[in-house]
Amino acid sequence: MTQDIALSLQPHYENFKVSERILLSGHSHQAWPDVAKQGLLKCFDDAAKHIDDKWQAAFEKADRVRDFYRGLLGERDAQIALGASTHELLLRFLSDLSCFKRPVNRPIKIVTTDGEFHSLRRQLNRLKALNIEIEVVPVQPSASLAERIIDKLDEKTDAVMVSAVFFATSEIFKDVGVVAKAAASLNVPCLVDAYHALNVVPFNLSLWQLESAFVVAGGYKYCQAGEGNCMLRLPTNYQGSPIITGWFAEFDVLDQAPGKVGFGPGQSAFAGSTYDPVSHYRAAEVFDFFEAQNLADTKLREISQQQITQLWQGIEAMGLSNDILALPSHAMANNAGFLSLTTAKASDWVAQLAERGILCDSRGDQLRFGPAPYVSKAQLNQALNVVEDLAKGI
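Residues numbered from 1 in each chain as written. Predicted model: local features only at pLDDT ≥ 70, side-chain atom pairs only at ≥ 80, totals over all residues. Heavy atoms only, no water.

A.B. asks: Run through the sheet that holds strand 11 (residues 361-363), naming residues and quoting values.
C.D. replies: Read from one edge to the other, the open sheet built from 3 strands follows the order 9-12-11, with strand pairing classed as antiparallel. Looking along the sheet, the strands with just one partner apiece sit at the ends: strand 9 (339-342) and strand 11. Within this sheet the neighbouring strands show an average axis-to-axis angle of 30°, counted without direction. Relative to strand 12 (residues 366-369), strand 9 runs antiparallel, the two sharing 4 bridges. Bridged to leucine 341 within strand 12 is leucine 367. Here helix 11 (residues 346-355) sits on the sheet and contacts strand 11 and strand 12; the angle it forms with strand 12, its principal contact strand, is near 35°. (Pairing = 2+ DSSP bridges. Helix = DSSP H or I, 4+ residues; strand = E, 2+ residues; numbered from the N terminus. Axes fitted to C-alpha atoms, helices over the stretch in contact; angles between N-to-C directions. Contact = heavy atoms within 4.5 Å.)

A.B. asks: Account for the pairing of strand 5 (residues 159-163), with residues named and values stated.
C.D. replies: Counted residue by residue, strand 5 has 5 buried out of 5 residues, so it is predominantly covered. Taking every second residue as pointing to the same face, both faces of strand 5 are buried, with Ala159, Met161 and Ser163 on one and Val160 and Val162 on the other. Relative to strand 5, strand 3 (residues 108-113) runs parallel, the two sharing 2 bridges. Pairing of valine 111 across the sheet is with valine 160, part of strand 5. In the sheet, strand 5 pairs with strand 6 (residues 190-193) via 4 bridges, with the strands oriented parallel. The residue bridging serine 163 from the neighbouring strand is aspartate 193, located in strand 6. The parallel pair strand 5 and strand 6, bridged by helix 8 (residues 176-185), forms a crossover whose chirality is right-handed. (Buried < 20%, exposed > 50% of the residue type's maximum accessible area, 1.4 Å probe, protein only. Right-handed = clockwise from strand over helix to strand, strands pointing away.)

A.B. asks: Any chance you could break down the packing of aromatic side chains for me, citing the residues and the numbers?
C.D. replies: Here the structure, examined in full by the defined rule, presents 23 aromatic pairs. Ring plane angle 80° and centroid distance 5.0 Å describe the contact between phenylalanine 214 and tyrosine 238, whose orientation is recorded as edge-to-face. Separated by 24 residues along the polypeptide, phenylalanine 214 in strand 7 (residues 214-218) and tyrosine 238 in the loop between strand 8 (230-234) and helix 9 (278-292) bring together distant segments of the chain. Residue classification places phenylalanine 214 among the buried positions, given a relative accessible area of 4%. Looking at tyrosine 238, the relative accessible area reads 26%, which means it is partly exposed. A connected cluster of aromatic rings, assembled from ring pairs, spans Tyr13, Phe68, Tyr69, Phe287, Phe289, Phe290 and Tyr374. A cation sits over an aromatic face here: arginine 282 above tryptophan 32, 4.6 Å from the ring centre. (Phe/Tyr/Trp six-rings, centres within 6.5 Å; stacked < 30°, edge-to-face > 60°. Lys NZ or Arg CZ within 6 Å of the ring centre and 35° of its normal.)

Put into structure tokens, the structure is as follows:
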């Protein structure tokens, strides 16, 4: 392993005490660097100084957030709408589907998988009550997933909504671009959830073949930007008119007739309404910190792979039976930013690890370890020692 960069990063995270506790919860919520606090204070100071005129400064912070995401997507002029949560942005996307604006004489059909995050899973399940057909394709076997999704697409499909990395298992869906291209050939809107990829798995849209796709993601996880920093990337030259629409979407409509609901171009059409700008102030400071530390997504991927390899091989060397802890069935090279282990007692593992100062989480029978750049090699070894000790009892 190369020089442990975590040791040089930890002093920048003193408020979150990353050197005093082992935070393997980075796939859910990474610690914020100390500079994030400066963003909170700047937001307060601008509000106190400018009162209602604070919004010019706030919008500049929002543009800084967009520019950071544009860099990660490899699309300098990407049209990016911002939102407090991916759920908020998913609703705007869904309400822009033509089937909702021009009702069709058939059930609305949306294709997805059984590996989606709760925001999408729950909302789509709820839509079934509106006579909407939700085609759920099992992720496993993942080698044939793209083919099986594409088989569900036809001229009666209104949207396909899938993830680039599955939030329970951390497996990268490398063929998601194949699905997006197939959807585009049928004029079916394709939305890709990239939350568990962005800033830990390089996500250049061209390389992923996702130029035609809508992409949602956010800053709560691998971007260390905290809550309220989610994004929706729109395909180039796309002009929407979502039914669920905030009044900020009128900002760029100068000649709107009375009583008309107008929409600005591109990202403006998907704008929301009055929001708390503190999230963008915080994110702007964090993103400047990332650049100052040369923490590009390629570097973060290198660090992450070293950490996942250490955890994976450490657990493999314990020789535990699959009944205790089972390693992923996918190859290590197809693993994203956290390690997901199968165990019937996942929640017990989380509780007992927490008692020993190691924070992680679980989803069903998946025990999830999510390292971060500030977690040192020594801390990972300490965690592995605790896992081995607990395995004797669990």
